[in-house]
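Commentary on secondary and tertiary structure
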Amino acid sequence: MASTIPDPRPGTSDAVPSERAVRIEAHGIDHIPEADRHGRARELFSVWAAANVNYLNLVVGGALILMGLSLWQALSVLVVGNLFWVLTGFLAVSGPAAGAPSEVITRTMYGILGNRVNNAVVGWMISVCYFALNLSAAAVAAFSLVEKCGIPATTGVKCVVVVVIAALTLTISVYGHATIVKLYLPITVVLTVAFAIVAVSVVGHTDFSYVPTKPLTGVDLWATLIAGVTLTASGPLSYTTSADFSRYLPSTTPRRAIVGWTALGSFLPSVVVCSLGAFAATTVDMTDPQAALAKILPVWFAPVFLLALVLGTISINALTAYSAGLALQAVGIRIRRSVSVLFDGTAAVALTLYALLVSNFLDTVSNVLQLTVVLLGPSMAIYATDILLRRNRYDGLALTDEAPGSTFWYTGGVNWAGAGALVAGVVASALCVNTLYTGPIAAALGGVDLALPVGMVVASAAYVILMRSLGGLGTAVRA
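Residues numbered from 1 in each chain as written. Predicted model: local features only at pLDDT ≥ 70, side-chain atom pairs only at ≥ 80, totals over all residues. Heavy atoms only, no water.

1. Remarks on helix α10 (residues 177-205)
Taking 1.5 Å of rise per residue, 29 residues should cover 42 Å, and α10 covers 40 Å from first to last C-alpha, within 8% of that figure. Maximum bend of α10: about 35 degrees, positioned at Tyr184, with proline Pro186 one to four residues after it. (Helix = DSSP H or I, 4+ residues; strand = E, 2+ residues; numbered from the N terminus. Expected span 1.5 Å × (residues − 1). Bend = angle between axes of the 7 residues up to and from the residue.)

2. Thoughts on the packing of α10 against helix α12 (residues 255-281)
One way to put it is that α10 packs onto α12 with a least axis distance of 10 Å and a crossing angle of 30 degrees. Considering the angle they form, α10 stands roughly parallel to α12. In the packing of α10 onto α12, the handedness of the crossing is left-handed. Residues Phe195, Val198, Ala199, Val202 and Val203 of α10 form the contact with α12, whose participating residues are Val273, Leu276, Phe279 and Ala280. When grouped by side-chain class, the residues that make up the contact of α10 with α12 number 9 nonpolar, no polar and no charged. (Axes fitted to C-alpha atoms, helices over the stretch in contact; angles between N-to-C directions. Parallel < 35°, antiparallel > 145°, perpendicular 65-115°, else oblique. Left-handed = near helix turned anticlockwise from the far one by under 90°. Contact = heavy atoms within 4.5 Å. Nonpolar A, V, L, I, M, F, W, Y, C, P; charged D, E, K, R; others polar.)

3. Digging into the confidence of the model for the protein
Confidence along the protein averages 88 in pLDDT terms, with 91% of residues attaining 70 or more. Here residues 1-17 is a poorly scored stretch, pLDDT under 50, and it has 27 contacts once near neighbours within four places are set aside; other chains count. (pLDDT = per-residue confidence, 0-100.)

4. Focus on the packing of aromatic side chains
Overall, the coordinates contain 12 aromatic pairs when judged by the stated rule. Put simply, the rings of Trp48, Trp85, Tyr239, Phe245 and Tyr322 pair up and form one aromatic cluster. (Phe/Tyr/Trp six-rings, centres within 6.5 Å; stacked < 30°, edge-to-face > 60°.)

5. So, a nonpolar patch on the surface
Together, Val423, Val427, Leu431, Ile441 and Leu445 make up a nonpolar patch on the protein surface, roughly 390 Å² of accessible area in all. When residues in the nonpolar patch are grouped by element, the largest group, 3 residues, is from helix α18 (residues 416-432). Its place among the elements puts Leu445 in the loop between α19 (440-444) and α20 (451-470). (Patch = residues over 30% accessible without salt bridge, like charges linked within 9 Å, V, L, I, M, F, W, Y side chains within 5 Å. Areas by Shrake-Rupley, 256 points an atom, 1.4 Å probe, with all protein chains shown as cover. Salt bridge = Lys/Arg side-chain N within 4 Å of Asp/Glu carboxyl O.)

6. Points about the packing of helix α3 (residues 71-82) against α12
In the contact formed by α3 and α12, the axes pass within 10 Å of each other and the chain directions differ by 155 degrees. One finds that α3 runs roughly antiparallel with respect to α12. The element α3 and its partner α12 pack so that their crossing is right-handed. Counting all contacts with α3, which are made through Leu71, Leu75, Leu78, Val79 and Asn82, the residues of α12 involved are Phe267, Ser270, Val271, Cys274, Ser275, Ala278 and Phe279.

This is the structure in structure tokens:
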């Protein structure tokens, strides 16, 4: 029997069959009834682990050494930066509570219409940018693999490779949640074995006493350490959508388990892979990570390693494309989730071809990851603060009502407390940033970039003050 596709309009109640890995997911941004909930929190571990054994983490780890840090300074930075995965795990608890994805839950923070703007920028646009960055990383590995097979990596071949990788990624995203949960456990096992072999080779060549020729000191050291934390934290901060992958869990699922399995599944592989990038950078030039690692890894293993890089990046991008599809629905475009995913993929492929054929890949990665923190830091802080203020009690059915005058319509469709807090956080962060441009506060501090902590603190404080003064917490919560 064909799958029943729910009407995406609010207030409809089409029956949706239980999801299966071999069937395209029927649910989009609609509420997941308790009868359709299933699974345990520990399933989240493999979902996030498979997504974080990837090429981009190797690049970030190597970049910390290239920035001028010693090995032990770089390791300290990557541990601190990856601790932000705990915050990603914390946001995931709202999924089972509301039975809705993050793109809908944020209506409590920004209002029905305000949240459409939020999803267009924070949800869709940034997701597509990250999809393109990761797709670029996978493509670079695939280009090397193609050349090892004796095929010249011409512009035409590169375009074909990008499209094929995107197609594989989007297939997983279109089939959706059940397919992701089913596939990611074996993918995690395969990637763990592959990177264990990488670890043996890399650690054997690591200079554990490595320090740069001209060690950083004073303000320059602090500026680099903070920039490194920001660069590393950009990964977890990009997942303000973690409730998308926990929303099918029963509402009785322990919150600690949701936070723990999400955070652990992300933190452990991220730290390990970032560390391998830093280890390798102590003996080889990680400006070109693949060429550098080829000097360390066994010759026979090089093709396997390249395949692992592609597989890991497909895993993380499938999650990104999945959330981007939900974001496009939440913007108000009435299309099926599967169609929205394909639209997102097309946009990401175009950006990827630009990044690979026109721009410099490493420069693009560094600039985008650091600059998005200006928006993502305040956005995640507001989300986490809302969960605390409401004690994670959300009325999932009320969240689906988009009619004027509905519970989360607020004033003119906008929750001005959330909108004001986000603007305040972004402005404060922009004043402190030092990446594509230098904000006045960063300039006054000698280049120290405090955009991440300042943006998050200002946004959170402003949200608390404005919500209490404007009475936003009077909106419905589930008892």
